[in-house]
Amino acid sequence: MPLRRYGVLAGTLHHHFRDPPDAQGRWFHVNLTVDAPAGRHRCAVDVDSKQSATGVRWKCLILDASSLGPVAAWVPGYHELARTPDSGALDFVRHPALTGRPGCVFVRRPPGRLGGSAAAPPWSLGSHLDAASALEPLLVPGRDVLVFGEPFRTGLGMHNIHQNQGDPPGSQWWDENGVWQDGAVLTRREDGRYDAFLSAFTTQAERTDDDGHPA
């Protein structure tokens, strides 16, 4: 079954901070505080390597607002998203603007790449600290922000702000695999386009079936 809930938080970025070392046990997050009508939300972007010894992978993109569907025009607040291509939901495997087709500009070409093709923006590969360092330049206080993921069960905030499909059989996250439910952080630039940070764990497959399981 997929995530319990999935949606996007629209608001204004207040600031960000990293977890202190070992504060979350095995996990490491870059935390965003986002102001929206309901109050200040904490959005925990998990950049830890989890069970992988090789780290995490990420992309930094510039996206046209038109490539995001309806969500770029929505008022601040949390909005539930249907897990369909036309709802504004994200899917790292299937969304045209995230897979190198029209609507996307790749901004940083890393020295190495993980899979992909000449037409697709490559993944960068590194440690959780590398991933955090790639995300943080996009986090300009005062920018409009869109945070895709799952809302907390209690309190204001979001988590699962990363790929939410492709976890392997036997993984504790297998049951949460699903399509059109990936998490990401997008901040609005002065030119109206969006800086986007997408991340995934190296244990997750880059190709998935219609249930979000590794293909």
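Only a predicted model underlies this, so the values are computations on that prediction, with no experimental measurement involved.

**Thoughts on the overall build of the protein**
Move 1: Each helix and strand in the protein was counted, giving 1 helix and 11 strands.
Move 2: Helices and strands in the protein line up, N terminus first, as β-β-β-β-β-β-β-α-β-β-β-β.
Move 3: For the protein, the residues scored as buried account for 52% of the 215 residues in total.
Move 4: Across the protein, the fraction of contacts at a sequence separation of at least 24, relative to all contacts at a separation of at least 6, is 68%.
Move 5: Roughly 9,600 Å² of accessible area belongs to the protein as shown, and the carbon and sulfur atoms make up 53% of that amount.

**Details of the packing of aromatic side chains**
Move 1: In the structure shown here, the tally under the stated rule is 1 aromatic pair.
Move 2: On the basis of an interplanar angle of 55° and a centroid distance of 6.1 Å, the ring pair of Phe92 and Trp123 is categorised as tilted. Residue Phe92 is found in the loop between strand 5 (77-80) and strand 6 (104-106), and its partner Trp123 is found in the loop between strand 6 and strand 7 (124-126); the two are separated by 31 residues along the sequence. Of the two residues, Phe92 and Trp123, neither departs from the other in class, the shared state being buried.
Move 3: In this structure, Arg57 is placed above the aromatic ring of Trp123, and the distance from its NZ or CZ to the ring centre is 4.5 Å.

**Re the side chain of His213**
Move 1: Residue position: His213 is located in the segment after strand 11 (194-201).
Move 2: Looking at His213, its side chain comes within polar contact range of the side chain of Asn177, at 3.0 Å.

**Here's the deal with the pairing of strand 11**
Move 1: When you tally the buried positions in strand 11, you get 8 out of 8 residues, the bulk of the element.
Move 2: Burial of strand 11 is two-sided: the residues Tyr194, Ala196, Leu198 and Ala200 facing one way and the residues Asp195, Phe197, Ser199 and Phe201 facing the other way are all buried.
Move 3: In this sheet, strand 11 lies alongside strand 4 (residues 56-63) in antiparallel orientation, the contact comprising 8 bridges. Across the sheet, Cys60 pairs through a bridge with Phe197, a residue of strand 11.
Move 4: Sheet analysis places strand 10 (residues 184-188) next to strand 11, joined by 5 bridges and oriented antiparallel. From the neighbouring strand, Ala184 faces strand 11, where its bridge partner is Leu198.
Move 5: If you look at the hairpin formed by strand 10 and strand 11, you'll find 5 residues sitting between the two strands, and Gly192 has a positive phi there, around 90°.

**What about unusual backbone geometry?**
Glycine aside, the phi torsion of most residues is negative, and most peptide linkages are trans.
Move 1: Although it is not a glycine, Asn160 sits at a positive phi angle of roughly 55°.
Move 2: Of note in the backbone geometry, Trp180 takes a positive phi value of approximately 50° without being a glycine.
Move 3: Tracing the backbone through its elements, the reader meets Trp180 in the loop between strand 9 (157-159) and strand 10.

**Considerations on the pairing of strand 4**
Move 1: Of all the 8 residues making up strand 4, 8 are buried; the element is thus mostly covered by neighbouring parts of the structure.
Move 2: In strand 4, alternate side chains face the same way, and those of Val56, Trp58, Cys60 and Ile62 on one face and Arg57, Lys59, Leu61 and Leu63 on the other are all buried.
Move 3: Sheet analysis places strand 4 next to strand 7, joined by 3 bridges and oriented antiparallel. Opposite Trp58, over in strand 7, you have Ser124 as the bridge partner.

Calculation notes
- Residues numbered from 1 in each chain as written.
- Predicted model: local features only at pLDDT ≥ 70, side-chain atom pairs only at ≥ 80, totals over all residues.
- Heavy atoms only, no water.
- Helix = DSSP H or I, 4+ residues; strand = E, 2+ residues; numbered from the N terminus.
- Buried < 20%, exposed > 50% of the residue type's maximum accessible area, 1.4 Å probe, protein only.
- Contact = heavy atoms within 4.5 Å.
- Areas by Shrake-Rupley, 256 points an atom, 1.4 Å probe, with all protein chains shown as cover.
- Phe/Tyr/Trp six-rings, centres within 6.5 Å; stacked < 30°, edge-to-face > 60°.
- Lys NZ or Arg CZ within 6 Å of the ring centre and 35° of its normal.
- Polar contact = N/O pair within 3.5 Å; in protein donor to acceptor, adjacent residues only side chain to side chain.
- Pairing = 2+ DSSP bridges.

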